[in-house]
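Architecture at a glance
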Amino acid sequence: MPMVDMPLKQLEIYDGTNPIPQDFDDFWNERILEVLNVSLNYEMNPYEIYQFETCEYYEISFIGIRGGKRYAKYIKPKSSKNVPLILQFHGYPGASRSWFEQTSFVGIGCAVIAMDCPGQGGKSEDLSKRIGTTVSGHIVAGLDGDPKQMYYVELAQDICLLCRIVEQLEGIDHTRIFANGASQGGGLALICTALNPMIKRCAALYPFLSDYERVWEMDLDQIAYEGLRYYFKWFDPLHERKEEIFTKLGYIDAQHFAHRIQVPVLLGTGLMDQICPPSTQFAVFNHLNGPKKHVIFPDYKHEEIGIFDDLLIDFFLEGSD
């Protein structure tokens, strides 16, 4: 069987490498409380270019947890019934997929909201002030300051703010709100599900943001994870702070969120993936406590996997009328 990592039997019992901070759950419970105490500041406007008999197109903008405008596409089928909603997250360091591609969810009767991550390829602004380097990689952004100011901590809080906005939307079946994404989007979908009980199912294809120390040990801290290599080279060349650094990264490690997820999860992994190594993905899956299914693609790398996309239809519509 093709592989670039451990043998499959070892992957199936792999428990992760990156340390978890002792106060992980307390830390994130405090971050959620911060979100709940923020006044929502958002607007939703029709996207005038596209308006059809079958669906409606909107742009949502809101102010993030530390300031700056966040942007999301919102597409909703026209229906007399409340419809399911999928929160869609994009890969690194891109932006939400096109209106055309997102409209595919309307074809299965679902609304979709796709948020642009701040400071990446889309319209969301990143105005936060962080201590430390801004040259290479968002995973190390804010690593020199308070963990609360790390880029992905703030992004997770912004996603929680978006979930609060979703609670106010009309025409949505609030018992069927789901999270979906690939790579960075897969990691964010998992984190979103862990922090927001309103999410009832989660699908993640080769999730990024997991098991940083394992990536570093495999010498794959490049491309998506290149910030690790850059940071050690310039800010800890003798690796004297190695334990401190990886423990701090543990606050934004998807595998450490997995135990908080109780709803069904569909996860897909290509065994030839050298961007997000399979072991880092198994670390997430093996910590999940709820109903879960892991689909293994022996020949696939970190690439488009159309078969996984097809699985989303039944996964998200299971139990629907």
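Residues numbered from 1 in each chain as written. Predicted model: local features only at pLDDT ≥ 70, side-chain atom pairs only at ≥ 80, totals over all residues. Heavy atoms only, no water.

Overview of the pairing of strand β6 (residues 172-182)
Strand direction decides the pairing type here: strand β4 (residues 83-89) and β6, joined by six bridges, are parallel. Note on β6: the bridge partner recorded for isoleucine 86 is phenylalanine 178. In this structure, β6 lies alongside strand β7 (residues 199-205), joined through six bridges in parallel fashion. Across the sheet, the residue bridging to alanine 182 is leucine 205, located in β7. The β-α-β motif built from β6, the intervening helix α5 (residues 184-195) and the parallel element β7 has right-handed crossover chirality. (Pairing = 2+ DSSP bridges. Helix = DSSP H or I, 4+ residues; strand = E, 2+ residues; numbered from the N terminus. Right-handed = clockwise from strand over helix to strand, strands pointing away.)

A short note on the pattern of salt bridges
For the structure shown, the criterion picks out 17 salt bridges. For arginine 31, the salt bridge identified is with glutamate 34, shortest N-O distance 3.2 Å. Here arginine 31 pairs with glutamate 34, and both are found in helix α2 (residues 24-36), just three residues apart, close to one helical turn. Residue class for arginine 31 comes out buried when judged on its relative accessible area of 4%. Given the relative accessible area of 24%, glutamate 34 is considered partly exposed. Taken together, the shared-partner salt bridges connect Glu30, Arg31, Glu34, Arg66, Asp126, Arg130 and Glu154 into one network. (Salt bridge = Lys/Arg side-chain N within 4 Å of Asp/Glu carboxyl O. Buried < 20%, exposed > 50% of the residue type's maximum accessible area, 1.4 Å probe, protein only.)

Section: the packing of aromatic side chains
Within the structure shown, the criterion is met by 20 aromatic pairs. Seen in terms of ring centroids, phenylalanine 297 and tyrosine 300 are 5.8 Å apart; in terms of plane orientation they differ by 75°. Their pairing is edge-to-face. Aromatic ring contacts, followed pair by pair, group Phe24, Phe27, Trp28, Tyr251 and Phe257 into a single cluster. A cation over an aromatic ring shows up here: lysine 73 above the ring of tryptophan 99, its NZ or CZ 5.7 Å from the ring centre. We note lysine 292 situated over the ring of phenylalanine 285; from NZ or CZ to the ring centre the distance is 4.6 Å. (Phe/Tyr/Trp six-rings, centres within 6.5 Å; stacked < 30°, edge-to-face > 60°. Lys NZ or Arg CZ within 6 Å of the ring centre and 35° of its normal.)

Notes on the UniProt feature "binding site: substrate" (unreviewed entry) in the protein chain
As annotated by UniProt and renumbered to match this structure, "binding site: substrate" (unreviewed entry) occupies Tyr92. Tracing the chain through its elements places tyrosine 92 in the loop between β4 and α3 (99-102). You can call tyrosine 92 partly exposed: its relative accessible area is 24%. Contacts of tyrosine 92, omitting those with residues within four sequence positions, involve Gln120, Gly137, His138, Tyr152, Gln184, Phe208 and Ala224. For tyrosine 92, the side chain forms a polar contact with the side chain of histidine 138, separated by 3.0 Å. (UniProt positions renumbered as here; feature names shortened; annotations may be inferred. Contact = heavy atoms within 4.5 Å. Polar contact = N/O pair within 3.5 Å; in protein donor to acceptor, adjacent residues only side chain to side chain.)

Points about helix α11 (residues 306-317)
Those residues of α11 not exposed but buried are Phe308, Leu312, Phe315 and Phe316. Taken down its axis, α11 places every buried residue within 80° of arc, on the same side. Residues of α11 that are exposed and point over 90 degrees away from its buried face: Asp310 and Asp314. On its buried side, α11 packs onto β4, β6, β7, β8 (265-270) and β9 (292-297). (Arc of directions from axis to C-beta.)

Regarding the layout of surface pockets
By rolling a water-sized probe across the atoms, one finds the places where empty space is left. Roughly 720 Å³ of volume is contained in the largest pocket. Residue lining of the largest pocket: 32 residues in total, with Gln88, Arg97, Glu101, Ala182 and Asp309 positioned closest to the centre. Broken down by element, the lining of the largest pocket gets its largest block of residues, four residues, from α11. Along the lines of polarity and charge, the residues of the lining of the largest pocket split into 16 nonpolar, eleven polar and five charged. (1 Å grid on protein atoms, 1.4 Å probe; cavity = no way out; pocket = protein on both sides within 12 Å on 5 of 7 lines; lining within 4 Å. Points joined across faces, edges and corners; volume = space filled by probe spheres on them. Nonpolar A, V, L, I, M, F, W, Y, C, P; charged D, E, K, R; others polar.)

What about the sheet that holds β7?
Here we have nine strands laid out as an open sheet, ordered β1-β2-β3-β5-β4-β6-β7-β8-β9, and mixed in their pairing. Strands at the two margins of the open sheet, each flanked by one partner only, are β1 (42-46) and β9. The average undirected angle you get between the axes of adjacent strands in this sheet is 20°. Direction of pairing for β4 relative to strand β5 (residues 111-115): parallel, over a ladder of five bridges. Looking at β5, one finds that glutamine 88 is bridged to alanine 114. (Axes fitted to C-alpha atoms, helices over the stretch in contact; angles between N-to-C directions.)

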